[in-house]
Amino acid sequence: ESFDSVRVTAMQQSSLKKIDFKNPFSINEPRIPFTSKFSTVTPSGGLCGCRRILVVDDNDYNILMLRTKLVKRGYQVVSALHGQEAIDKLELSVRDSSMRCSSPACRVYTLVLMDVDMPVLNGLEATQIIISKIRAGELYDVPIIGCSAFDTEKDITEGLNAGMRDYLVKPVSDERLDEILRKYMRTN
């Protein structure tokens, strides 16, 4: 019996009901076998090669558009509908070693694309909480990129002051997305 079949067997039935196997964009959480412990470098001295991005947005269309662009570029996408869900997923990535790849440097998520205006916990507040948890050593250091239609200089400055490392304005252009990916994605 393969590791994949054991993992799928162990998944809760409610999780399986969320997946439409004919539509790859419907999968909200990847179920890929990962095993390792976290450390700072791989045996070869490189960084983790994971290409998993957490997209945080309360609008399904925005998630679909970003997912489409990112999957086309070879990235794996996990989504969260608000800031608290993003924090929960980042915290789980620290606690659940099965989410990590075989690299000891794996941090699970290599980038977070964070909307600003969301219910429950907005992107600015979520970013501040995530940054404080990173500084406290409770979360892995992951770049948070603002991704919002709020495009004034004041909006962008607020995002950067909250701890976002950069800012994408919606609708996200392919050129600007590629620039952000080149700048912030870790590679081996």
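Just so we're clear, the structure is a prediction, and the values are computed from it rather than from any experiment.

Colleague: So what exactly am I meant to see when it comes to the side chain of Lys 69 here?
Modeller: With respect to the helices and strands, the residue Lys 69 is situated in helix H3 (residues 60–72). Within the structure, Lys 69 has its side chain in polar contact with the side chain of Asp 174 (distance 2.7 Å). Those residues in contact with Lys 69, other than ones at most four positions away along the chain, are Val 172, Ser 173, Asp 174 and Leu 177.

Colleague: What is the right way to read the environment of Arg 67 from this model?
Modeller: Residue placement: Arg 67 occurs in helix H3. For the pair Arg 67 and Val 78, spaced eleven residues apart in the sequence, the C-alpha separation amounts to 8.5 Å.

Colleague: Would you explain the nonpolar core in this entry?
Modeller: Note that soluble globular proteins tend to have their nonpolar side chains buried in a common cluster. Core analysis: the biggest nonpolar cluster contains 26 residues, and Leu 54, Val 56, Leu 90, Tyr 109, Val 112, Met 114 and Ile 130 have the highest contact counts within it. Elements with a contribution of two residues or more to this core: strand E1 (52–56), strand E2 (76–80), helix H4 (83–95), strand E3 (111–114) and helix H5 (123–135). Among the elements that take part in this core, H5 stands out by supplying five residues, more than any other. One finds Val 55, Ile 63, Val 77 and Met 185 within the second-largest nonpolar core, a separate group that totals 18 residues.

Colleague: Looking at this model, I keep getting lost on the pairing of E2. Mind explaining?
Modeller: In summary, the side chains of a regular strand alternate between the two faces of the sheet. Most of E2 is tucked away, with four of its five residues classed as buried. Inspection of the sheet shows E1 paired to E2 by five bridges, in the parallel sense. Looking at E2, one finds that Leu 54 is bridged to Val 78. In this fold, the crossover linking E1 to E2 by way of H3 has right-handed handedness.

Colleague: What's the story with the sheet that holds E3 in this structure? I'm lost.
Modeller: Strand pairing in a sheet is mediated by backbone hydrogen bonds. Such pairs are either parallel or antiparallel. Overall, parallel pairing links the five strands, which are arranged E2-E1-E3-E4-E5 in an open sheet. Each edge of the open sheet is held by one strand with a lone partner, namely E2 and strand E5 (166–169). Sheet twist, expressed as the mean angle between neighbouring strand axes with direction ignored, is 25°. Two strands pair when backbone bridges link them, and E3 and strand E4 (residues 144–148) are joined in this way by three bridges, in the parallel orientation. Within E4, the position partnered with Leu 113 by the bridge is Ile 145. Against the sheet, H3 makes contact with E1, E2, E3 and E4, and its axis sits at roughly 165° relative to E2, the strand it touches most. Against the sheet, H4 touches E1, E2 and E3, its axis set at about 130° to E2.

Colleague: How should the pairing of E1 be read in this particular structure?
Modeller: Counting buried positions along E1 yields five of five residues, so the element is predominantly enclosed. Both faces of E1 are covered, namely the face carrying Arg 52, Leu 54 and Val 56 and the face carrying Ile 53 and Val 55. Bridge count between E1 and E3: four bridges; the pairing is parallel. Bridging from a neighbouring strand, Val 56 pairs with Met 114 of E3.

Colleague: Is there a simple way to explain empty space enclosed by the protein in this structure?
Modeller: One simple way to see leftover space: roll a probe sized like a water molecule over the atoms. Inspection of the entire model under this criterion finds one cavity of 30 Å³ or more. Taken as a whole, the largest cavity spans an internal volume of roughly 50 Å³. Surrounding the largest cavity, Leu 90, Ser 93, Val 94, Arg 107, Tyr 109, Leu 139, Tyr 140 and Val 142 form its lining.

Colleague: Sorry if this is basic, but what is going on with unusual backbone geometry here?
Modeller: Backbone phi values are negative for most residues with the exception of glycine, while trans is the configuration of most peptide bonds. Here the amide bond leading from Lys 170 into Pro 171 is cis, since omega sits at -5°, within 30 degrees of zero. With respect to the secondary-structure elements, Pro 171 resides in the loop between E5 and helix H7 (174–184). Positive phi, normally seen in glycine, also occurs at Val 120, with a value near 65°. Take Val 120: it is sitting in the loop between E3 and H5.

Basis of the calculations
- Residues numbered from 1 in each chain as written.
- Predicted model: local features only at pLDDT ≥ 70, side-chain atom pairs only at ≥ 80, totals over all residues.
- Heavy atoms only, no water.
- Helix = DSSP H or I, 4+ residues; strand = E, 2+ residues; numbered from the N terminus.
- Polar contact = N/O pair within 3.5 Å; in protein donor to acceptor, adjacent residues only side chain to side chain.
- Contact = heavy atoms within 4.5 Å.
- Core = buried A, V, L, I, M, F, W, Y, C linked by side-chain atoms within 4.5 Å.
- Buried < 20%, exposed > 50% of the residue type's maximum accessible area, 1.4 Å probe, protein only.
- Pairing = 2+ DSSP bridges.
- Right-handed = clockwise from strand over helix to strand, strands pointing away.
- Axes fitted to C-alpha atoms, helices over the stretch in contact; angles between N-to-C directions.
- 1 Å grid on protein atoms, 1.4 Å probe; cavity = no way out; pocket = protein on both sides within 12 Å on 5 of 7 lines; lining within 4 Å.
- Points joined across faces, edges and corners; volume = space filled by probe spheres on them.

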